[in-house]
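Chain by chain, the residues:
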Amino acid sequence: MKQIETIKSGKNYSAVSVGKMSEIIERSELSFQTLVPGQDSGFLHTHKTHEELYIILKGEGQYQVDGEIFPVSEGTIIRVAPDGKRALKNTGSENLTMLCIQYKANAFTEADSPMTDGVILQEELKW
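About the thresholds
Per chain, residues are indexed from 1 in the order of the written sequence. Where totals are concerned, whole chains, interfaces and linings use all residues; where local detail is concerned, this predicted model gives features only for residues with pLDDT of at least 70, and gives and counts side-chain atom pairs only at 80 or more. The side-chain values count all of the structure's non-hydrogen atoms but skip hydrogen atoms and water molecules. Grid points spaced at 1 Å and placed over the protein atoms alone form the basis of the search, with a cavity being a set where a 1.4 Å probe fits but cannot get out and a pocket an open set showing protein on both sides within 12 Å along at least five of seven lines. Lining residues have an atom within 4 Å of a point. Grid points are joined across faces, edges and corners, and a volume is the space filled by probe spheres set on the points. Secondary structure follows DSSP: runs of H or I at least 4 residues long count as helices, runs of E at least 2 residues long count as strands, and numbering of each begins at the N terminus. In this classification, Asp, Glu, Lys and Arg are treated as charged, Ala, Val, Leu, Ile, Met, Phe, Trp, Tyr, Cys and Pro as nonpolar, and every other residue, Gly included, as polar. DSSP-based pairing: two strands are paired if at least 2 bridges between them are found. Lines fitted to C-alpha atoms define the axes, with helix axes restricted to the stretch in contact, and inter-axis angles between N-to-C directions lie between 0 and 180 degrees.

Caption draft 1: Spatial organisation of the layout of surface pockets. Looking at the largest pocket, its volume works out to about 190 Å³. Around the largest pocket, the lining is made up of 17 residues, and of these Gln33, His45, Glu52, Tyr54 and Met98 lie nearest the centre. Those elements giving two or more residues to the lining of the largest pocket turn out to be strand 3 (29-35), strand 4 (50-58), strand 8 (86-90) and strand 9 (96-104). By residue number, the principal contributor to the lining of the largest pocket is strand 3, which donates five residues. Among the residues forming the lining of the largest pocket, the class breakdown is nine nonpolar, five polar and three charged.

Here you go:
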């Protein structure tokens, strides 16, 4: 099983690295974004009710949350609560590509876990 490394965490965020995405293969909004070398997201922002999950797919940069700045690279995943003041900058020499998943904060409970919500059926697969 892949090792998950905690990079940084604070009141409104947590960031982990799962390694290279090439080795890992309901209600949300998905967006892909690419920042060219030296480009940043242009502004700090928060959300009223939505968390965001940032997945760095390629490249390297810096992520800022609540005044904390830490390095990110391919395989870094950052969860930011609605109140977290956030921004991203490409500090590398290649494009930084990320997937952002936005969803309503606290929308999922323990009962929503795939381990407790999923039901494996005892029916034959028909391919």
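Caption draft 2: Layout of the sheet that holds strand 6 (residues 68-73). As summarised here, the arrangement of the three strands in space is 6-5-8, forming an open sheet in which the pairing is antiparallel. Each of the sheet's edge strands pairs with one partner strand only, and the pair in question is strand 6 and strand 8. Across the sheet, the mean angle from the axis of one strand to that of its neighbour is 25°, orientation sign disregarded. Note that strand 5 (residues 60-65) and strand 8 share five bridges and pair antiparallel. In the sheet register, Gly61 faces strand 8, and the bridge partner there is Asn90.

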